[in-house]
Amino acid sequence: MKNRHTSVLSLGFLLALASCWNPQMSPEDSPLLETGDEILIPADIDDLSEVRDSIKVRANRSWSARFESETSWAKISPEESMNLGCYTVERELVVEASLNREKEPRSARIVLSDGVNVKYVNLTQDRIYPRLAIPGAGDLSLIVPEAASYELPVKTNVAWRAELLPGATLPITLSPESGYCSGVLTLEVPENMDLVNEKQATVVVHAEDCNDVVIEVRQRNASPYILFEGGENSAKRESGLFNQIISFKTNSNWTASITANDGFLNPTLSAESGTKDETSLSVLFPPAACFGKIATMTVSLTPENGESVSFTISQDPVLRARIIDPATGKRVDDWPFSSPTSKEVKTSKPSDPSKDPFYQQPGVLTLASGYDIRILSQIGLWRNTSTGLIMGGTGSYLGFPAIEGHRLVSVTYVTAGKPTDLLLSIREEDLSTVVNGGAEVSINENYKTHTWELPDSRPGCGYVMYSSAEGRFYMGDLILRYE
């Protein structure tokens, strides 16, 4: 037995010497382990992250640290500190603790040991002290009348809830209405449409064992306004269209007028005044025919006791052989021509064409711009809802206006049905001379678009679209551009 004990002591002594051996320095002979007796930490901190503190440990040997008993709410680091030089080194022992939600302090004991010395450190975490603060709560005493969202930070370490007190004239929506610890309270404030009266509301935020925070919200009465839909205060209308609908938002009765016009012929408004519930206005106008420039028009809308706002309409000038209702700007089904069925057309062949109710010899299609298109159809003239204006036969033509000082620069033709054996060209009024750029084209597709560019046309001259085959026109659209 004596020999076994001697061997164990000798081995421990050798290990101790090895752990402190340094050929450059003389080790300190006596093990040293020094630290404080107590660590006091609060229940929480402002950002509600883990509570952190530390204590200094002086030692000239390796040491370890642990809790004396199981402690789930705190941890320490490092749990071991190596010191192979056996010289005094000062290090920090860090303690991290979760938030203490209890109303009583809690404690634990830390044990430090270097194998010879043992030190005890008492760790105490204070109880929770409930707090509640809302920075910016006083900033809503006079807010703008527009609808808006206001975000207020809730600084607390306990559960909270918010409520809108009865009697509010401002119907605020709270989101969220409750929470746990810090967060953000959002106040959704609707627009005040009242031009005379302010609106108010009181929001109270409660938290356990804390003084309530009162948020007084007062919203100014509205100023009269008109805001255009999408923030757009202008529109460029497609050539040949008849109207523009102006949509807007307002909190007031309003008046409207055309305050400027350059190129539109006798534009009118669907209404010259309205209530705050009437939030659109139609501007009606014949398609622009001010060749050589873009037509522009300004419509001014003025809220009652407010400042006027302007909406600008522009349009490239063209002549368009479409029948459009000027009141709506939409294509109409009731053309000023007969509308027989296909069977009626085929079976109606009187020897005297003038007695055929579906047959019309040279005619005139008057455009809303005031110009005329002359029409000659060898097979009659009618309209079908799905296939457009129907005419045709060899020698049929559409005669375009001759406009003094302006020349026809292009012709665009769009089919609405599927023609067969249709050959079209652009010719002089003598019907025999094809103009430069107006070469004959075979058109046999549904919704086919073809454009003739006429570089050598002359100002003030009329031209025709001439058919040199038996095919029928199925005209969905005809656009004439002048410059």
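Scoring rules and cut-offs
Residues numbered from 1 in each chain as written. Predicted model: local features only at pLDDT ≥ 70, side-chain atom pairs only at ≥ 80, totals over all residues. Heavy atoms only, no water. Helix = DSSP H or I, 4+ residues; strand = E, 2+ residues; numbered from the N terminus. Buried < 20%, exposed > 50% of the residue type's maximum accessible area, 1.4 Å probe, protein only. Contact = heavy atoms within 4.5 Å. Areas by Shrake-Rupley, 256 points an atom, 1.4 Å probe, with all protein chains shown as cover. Pairing = 2+ DSSP bridges. Core = buried A, V, L, I, M, F, W, Y, C linked by side-chain atoms within 4.5 Å.

### Section: the overall build of the protein
- Of regular secondary structure, the protein possesses two helices and 38 strands.
- Relative to its 483 residues, the protein shows a buried fraction of 43%.
- Of the contacts formed within the protein by residues at least 6 apart in sequence, a portion of 67% connects residues at least 24 apart.
- Accessible area for the protein stands at about 25300 Å²; split by element, carbon and sulfur atoms hold 49% of it.

### Some remarks on the sheet that holds strand E9 (residues 118–125)
- A sheet is described by the order of its strands in space; here five strands give the open sequence E2-E9-E8-E4-E6, paired in mixed fashion. Of all the strands in the sheet, just strand E2 (38–41) and strand E6 (80–81) have a single pairing partner and so form its edges.
- Pairing analysis gives two bridges linking strand E4 (residues 63–67) to E6, with the strands arranged antiparallel. Following the sheet pairing, Ser64 is matched in E6 by Glu80.

### Here's the deal with the sheet that holds strand E20 (residues 243–250)
- If you trace the four strands from one edge of the open sheet to the other, you get E18-E20-E24-E22, paired in antiparallel fashion. Single-partner strands in this sheet number two, and they are strand E18 (226–228) and strand E22 (268–269).

### Section: unusual backbone geometry
- Each neighbour pair has its own omega, and for Ser77 with Pro78 the value is 0 degrees, a cis peptide bond.
- With an omega of -10 degrees, the peptide bond running from Ser175 to Pro176 counts as cis.
- Relative to the helices and strands, Pro176 is located in the loop between strand E13 (173–175) and strand E14 (178–180).
- Look at Asn266: it is not a glycine, yet its phi comes out positive at around 50 degrees.
- Along the chain, Asn266 turns up in the loop between strand E21 (254–262) and E22.
- In the Ramachandran plot, Leu431 falls in the positive-phi region, its phi being about 70 degrees despite a non-glycine side chain.

### Focus: the nonpolar core
- In this structure, Leu398, Phe400, Val411, Tyr413, Trp452, Met465 and Leu478 are the most contacted members of the largest nonpolar core, which totals 28 residues.
- If you list the elements that add at least two residues to this core, you get strand E29 (372–376), strand E31 (388–392), strand E33 (408–415), strand E34 (422–428), strand E35 (441–443), strand E37 (463–467) and strand E38 (472–482).
- With five residues, the single largest contributor to this core is E38.
- If we ignore the near neighbours within four places in the chain, the residues touching Phe400 are Asp372, Leu408, Val411, Ile426, Gly462, Tyr463, Val464, Met465, Leu478, Leu480 and Tyr482.

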